[in-house]
Amino acid sequence: ATFQSMLAAVRNFSTTGNKENAQGYFKTSFEQFRDEAASRWEMIRYITWAVPSIGFIGTVIGIGDALGNAHKVIDTGMGTGSSHQVGAVQVITASLGTAFDTTLIALFCSLLLMLFFHLGTRYEDKILTNIYNDIDKKVIQRFHGQDMETLFTAMMEEPMENMVKVFRKIWS
């Protein structure tokens, strides 16, 4: 798509002869490419958001289970040391442990996912910015009153061979 954006700018310059117009056209089409690249991260963004929610669901289930078993402590009597009472308390504390463990695991996973998400998007953005700057500096900025239409037509007829010639002519 970057190459297509550059070709579109060349085509625009050959049609209008206006370098600023070609730069604007290139910038607009490159920004569309950048937006498309950013939209590819949406599923990862959603998963990163969903992980803590899943952990919270585990927390709610664990607390609900603990509260659901709370009646066993009362039903076994208020006496101290009853093995049934100790067993009921163990069930409650195990459920609460599960509840808080799911939260901790989900939050930790979310932190890792967010780190990788931000590093990935930052790296991609840096690469795209460098590509944009290189093309703008090495191609678009070198548009002059040359016969760009002839250069572009030659480039389209035999793209790989003539592309090198076109760029050499532009950069010279």
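The rules we used
Residues numbered from 1 in each chain as written. Predicted model: local features only at pLDDT ≥ 70, side-chain atom pairs only at ≥ 80, totals over all residues. Heavy atoms only, no water. Helix = DSSP H or I, 4+ residues; strand = E, 2+ residues; numbered from the N terminus. Buried < 20%, exposed > 50% of the residue type's maximum accessible area, 1.4 Å probe, protein only. Contact = heavy atoms within 4.5 Å. Areas by Shrake-Rupley, 256 points an atom, 1.4 Å probe, with all protein chains shown as cover. Salt bridge = Lys/Arg side-chain N within 4 Å of Asp/Glu carboxyl O. pLDDT = per-residue confidence, 0-100. Patch = residues over 30% accessible without salt bridge, like charges linked within 9 Å, V, L, I, M, F, W, Y side chains within 5 Å. Polar contact = N/O pair within 3.5 Å; in protein donor to acceptor, adjacent residues only side chain to side chain. Phe/Tyr/Trp six-rings, centres within 6.5 Å; stacked < 30°, edge-to-face > 60°.

### Details of the overall build of the protein
And then number 1: Of regular secondary structure, the protein possesses six helices and zero strands.
And then number 2: The order of α-helices and β-strands along the protein, N terminus first, is α-α-α-α-α-α.
And then number 3: Relative to its full complement of 172 residues, the protein shows a buried share of 31%.
And then number 4: Summarising the internal contacts of the protein: among those between residues at least 6 apart in sequence, 72% fall at separations of at least 24.
And then number 5: Of the roughly 11,200 Å² of accessible surface on the protein, 64% is carried by carbon and sulfur atoms.

### A word on the pattern of salt bridges
And then number 1: Going through the model one piece at a time under the given rule, you end up with three salt bridges.
And then number 2: Of the charged contacts in the structure, one is a salt bridge between R34 and E31, with a shortest N-O distance of 3.9 Å. Of the two residues, R34 and E31 both sit in helix α2 (residues 19–39), three residues apart, roughly one turn of that helix.
And then number 3: Notably, a salt bridge pairs R45 with E42, separated by 2.4 Å at the nearest N-O pair.

### A word on the confidence of the model for the protein
And then number 1: Chain-level pLDDT for the protein is 76 on average; 69% of the residues reach the 70-or-more range.
And then number 2: Of all secondary-structure elements in the protein, the lowest mean pLDDT belongs to helix α5 (residues 148–157), at 54, while helix α3 (residues 42–75) reaches the highest, 86.

### Section: a nonpolar patch on the surface
And then number 1: Together, F108, L112, L115, F116 and L119 line one region of the surface with nonpolar side chains, adding up to about 500 Å² of accessible area.
And then number 2: Within the element layout of this structure, L119 appears in helix α4 (residues 83–138).

### Some details on the side chain of R34
And then number 1: You can call R34 buried: its relative accessible area is 16%.
And then number 2: Only 3.3 Å separates the side chain of R34 from the side chain of T129, close enough to count as a polar contact.
And then number 3: Excluding residues that lie within four positions of it along the chain, R34 makes contacts with D125, L128 and T129.

### A look at the packing of aromatic side chains
And then number 1: As enumerated under the stated definition, the model contains three aromatic pairs in all.
And then number 2: With centroids separated by 5.7 Å and ring planes inclined at 85°, the aromatic side chains of W41 and F117 adopt a geometry described as edge-to-face. Of this pair, W41 sits in the loop between α2 and α3 while F117 sits in helix α4, and the two are 76 residues apart along the sequence.
And then number 3: For W41, a relative accessible area of 17% gives the class buried.
And then number 4: Taking 5.6 Å as the distance between ring centres and 35° as the angle between the ring planes, the aromatic pair formed by Y46 and W49 counts as tilted. Linking Y46 with W49, this pair stays in helix α3, spanning three residues, or about one helical turn.
And then number 5: The class for W49 is exposed, based on a relative accessible area of 56%.

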